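Examination of the molecular architecture
In case you want the letters, here they are:
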Amino acid sequence: MRYFLYLLLIVLGLTAYRAWVVLTNGLPLYVDEAQYWFWAQNLAWGYYSKPPMIAAIIAATTSVCGDSEPCVRAGSLIFYPLSTFVLFFLTRRLFAEKIAFIAGVIFITLPAVGLSSLLISTDVALFFFWTLALFAFVRVLETDAWLDWILLGVALGLGLLTKYTMGIFFLSAALYLIVIGRWDFLIKARAWIAVVLAASIFAPNLWWNWQNHFPTFQHTAEISQLEQAGLHWNSFAEFLLGQLGVFGLVFFPLLLLLFVNFNRLKQLPHSALLLCFSLPFLGIISLQALLGTANANWAAPTYVAATSLLAAWLVTWQHTRLFITGLIINLSLVLGLYHYQHLAHWLGIELTAKNDIYKRLRGWDELGQQYLRLQAQYPQALPLAEERGILSELAYYTRPAGLKILSWNPARKLRHHYDLVTRLDGHEGQDFLFVTSAQLPTNMPAYFQSIEQVGELKLRIHPDYSLSYAVYHLQSFKGLTP
């Protein structure tokens, strides 16, 4: 177990360092993070754009240490080490302990994992449940034990409650069973019980979607933009280049080289298994990028099996220099991201809108305080906004008053989660403070007795980049039929 102990020390040390970075970098919540926190205040089986797991994780961490930014993001510092250890035991079962150690080191130092450790996102839990499901799948092929089948079903169900792309696991598993001729597992009673267990865990989210006219599925279809005609080569190229930032400037090209080098690949044991659990996911999301659009992180589970495969190749053919080079580059990239502002200052580079990678996270902590000073002048007014970004950030940075925020939606459209869970009905006679980055909606005066601009939320982030939002006092709401 000495390699496991080595990995344990590395993971604990790296996680402690990342925790320190999270505690000291002072980065406000990104709009998605603030939105997930808002979800966590009212736990449900589903939300407009995601299944419920991310909200449950934030609810758990903030119940322990409060609602500060580090506590909202604490799930990343818990789940990535867990995923690393599960990957270690998975790879050790397939190969050897040294290869498992290399796989663990590669994974915990990936650029995607490094950056995501500073934030909270659905990928945090998706990595864990995908890795756990793959570990359970390997075990059931060997043991056919009830406990392993149950573990597989639970991991699959919880993964589906995290992100719908977990469903690709079923495709990968079926493909592998067909490739190796294990047809009996496709009709095995225990396998279908595991599927039923996964479906039962996932069923409450389906029920929630049915009750709310399937908003999550509609949103998923909308963001993929598959309705756009033609092939989008720019989107495809951007997605592939993004994988360099996910898996590494050295490791991703090596992985592609390994994928096409079938003669060498066939010499590795379990290569068919690892290919079936990496290539389909990468291929599906690449096709989505070609036909519509796809963010670089959407293919993240690809790199669970891919990490084991690459580690086996590096150790088996003794490519120590490639491993060290890739590791150093990934660590350097992550360290640069962690200390980006300090490095820029040390190098004499002035941060601007063009070179500040964190600019979209900055400012709302101060703007929230500006809003609260206005709110104190109109204590009976409720916060109101139309844009998802403003609604999310204002809800978090003006808490607890922000939890009463409403979405301005007289047309009763469904544009985001706030349209789904907030209603203007029943607020006749209510005053509001309306925050917007655009012009006042032309139809708004008809719904209120009077409207007056009472302030502005404004902050200069860089010489060429500022945040500015107008605040209006809306008096005596007439109702939705003025």
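Not measured: the values here are computed from a predicted model.

This part is about the overall build of the protein chain. Regarding its fold elements, the protein chain presents 23 helices and five strands. The C-alpha radius of gyration computed for the protein chain amounts to 24 Å, which stays within 12% of the reference 23 Å derived for 482 residues, consistent with globular compactness. Projecting the C-alpha coordinates of the protein chain onto the three principal axes gives extents of approximately 75 × 60 × 50 Å. Counting over 482 residues, the protein chain shows a buried share of 54%. Across the protein chain, the fraction of contacts at a sequence separation of at least 24, relative to all contacts at a separation of at least 6, is 74%. In the protein chain, which carries 30 positive and 27 negative side-chain charges, the distance between the mean positions of the two groups comes to 9 Å.

This paragraph deals with helix α3 (residues 53-65). Along its 13 residues, α3 runs 19 Å from first to last C-alpha, staying within 8% of the 18 Å computed at 1.5 Å per residue. Here the buried face of α3 lies against α2 (31-40), α4 (69-72), α5 (74-94), α8 (122-143) and α9 (146-160). Just past α3, the residue G66 takes up positive phi, approximately 100°.

Let us now look at α2. Burial analysis of α2 places nine of its ten residues in the buried class, which makes it a mostly covered element. Every buried residue of α2 is listed here: V31, E33, A34, Q35, Y36, W37, F38, W39 and A40. On its buried face, α2 sits against α3, α4, α8, α22 (388-397) and α23 (417-421).

Attention now moves to the packing of aromatic side chains. Scanning the model with the defined rule gives 42 aromatic pairs in all. An angle of 85° between the planes, with centres 5.2 Å apart, marks the rings of F107 and F127 as edge-to-face. Of this pair, F107 sits in helix α6 (residues 97-108) while F127 sits in helix α8; the two residues are 20 residues apart in sequence, bridging distant segments of the chain. Each member of the pair F107 and F127 is classed as buried. Among the aromatic residues, those joined into a ring-pair cluster are W130, F137, F169, Y176, F277 and F281. Across from the ring centre of Y465, 5.1 Å away, lies the NZ or CZ of K359, which sits over that ring.

Our next topic: the nonpolar core. In this structure, F137, F169 and F277 are the most contacted members of the largest nonpolar core, which totals 138 residues. Beyond its immediate stretch of four places on either side in the chain, F277 contacts W130, L134, F137, F169, S172, A173, Y176, P301, T302 and A305. One finds W408, M444, Y447 and L480 within the second-largest nonpolar core, a separate group that totals 15 residues.

Here the focus is the state of the cysteines. Within the structure shown, the criterion is met by one disulfide. Note that C65 is cross-linked by a disulfide to C71, the S-S spacing being 2.1 Å. With a relative accessible area of 8%, C71 lands in the buried category.

Remember that side chains alternate between the two faces of the sheet whenever the strand is regular. Two elements, strand β4 (residues 448-462) and strand β5 (residues 465-477), share twelve bridges in a ladder whose sense is antiparallel. Pairing of K458 across the sheet is with S468, part of β5. Counted between consecutive antiparallel strands, the loop separating β4 from β5 contains two residues.

Time to look at the side chain of T398. One can find T398 in the loop between α22 and β2 (406-407). Judged by its relative accessible area of 0%, T398 is buried. At 2.4 Å, the side chain of T398 and the backbone oxygen of L394 are in polar contact.

Pairing between the strands of a sheet comes from backbone hydrogen bonds, and it takes one of two forms, parallel or antiparallel. Strands sit in the order β2-β1-β3-β5-β4 across an open sheet of five strands; the sheet is mixed. The two strands at the open ends of the sheet, each matched to only one other strand, are β2 and β4. The sheet contact formed by strand β1 (residues 382-385) and β2 spans two bridges and is parallel. Residue pairing in the sheet places L384 in a bridge with L406 of β2. Contacts from helix α21 (residues 364-377) reach β1, β3 (432-436), β4 and β5 within the one sheet, and its direction differs from that of β4 by about 150°.

Side chains of L206, W207, W210, F214 and F217 sit close together on the surface and give an oily, nonpolar patch of about 510 Å² of accessible area. Broken down by element, the residue count for the nonpolar patch peaks at three residues, all from helix α11 (residues 189-211).

The contact between helix α1 (residues 2-24) and α5 brings their axes to 10 Å, and the two run at 165°. Accordingly, the angle class assigned to the pair α1 and α5 is roughly antiparallel. Relative to α5, the crossing made by α1 is right-handed. For the pair α1 and α5, contact is made by Y3, F4, L7, L8, V11, T15, R18 and A19 and by L77, P81, T84, F85, F88 and F89, respectively. The residue makeup of the contact of α1 with α5, split by class, is eleven nonpolar, two polar and one charged.

Quick notes on the rules
Residues numbered from 1 in each chain as written. Predicted model: local features only at pLDDT ≥ 70, side-chain atom pairs only at ≥ 80, totals over all residues. Heavy atoms only, no water. Helix = DSSP H or I, 4+ residues; strand = E, 2+ residues; numbered from the N terminus. Rg over C-alpha atoms; globule rule 2.2 N^0.38 Å. Buried < 20%, exposed > 50% of the residue type's maximum accessible area, 1.4 Å probe, protein only. Contact = heavy atoms within 4.5 Å. Lys, Arg positive; Asp, Glu negative; His and termini not counted. Charge placed at Lys NZ, Arg CZ, Asp CG, Glu CD. Expected span 1.5 Å × (residues − 1). Phe/Tyr/Trp six-rings, centres within 6.5 Å; stacked < 30°, edge-to-face > 60°. Lys NZ or Arg CZ within 6 Å of the ring centre and 35° of its normal. Core = buried A, V, L, I, M, F, W, Y, C linked by side-chain atoms within 4.5 Å. Disulfide = S-S within 2.5 Å. Pairing = 2+ DSSP bridges. Polar contact = N/O pair within 3.5 Å; in protein donor to acceptor, adjacent residues only side chain to side chain. Axes fitted to C-alpha atoms, helices over the stretch in contact; angles between N-to-C directions. Patch = residues over 30% accessible without salt bridge, like charges linked within 9 Å, V, L, I, M, F, W, Y side chains within 5 Å. Areas by Shrake-Rupley, 256 points an atom, 1.4 Å probe, with all protein chains shown as cover. Salt bridge = Lys/Arg side-chain N within 4 Å of Asp/Glu carboxyl O. Parallel < 35°, antiparallel > 145°, perpendicular 65-115°, else oblique. Left-handed = near helix turned anticlockwise from the far one by under 90°. Nonpolar A, V, L, I, M, F, W, Y, C, P; charged D, E, K, R; others polar.

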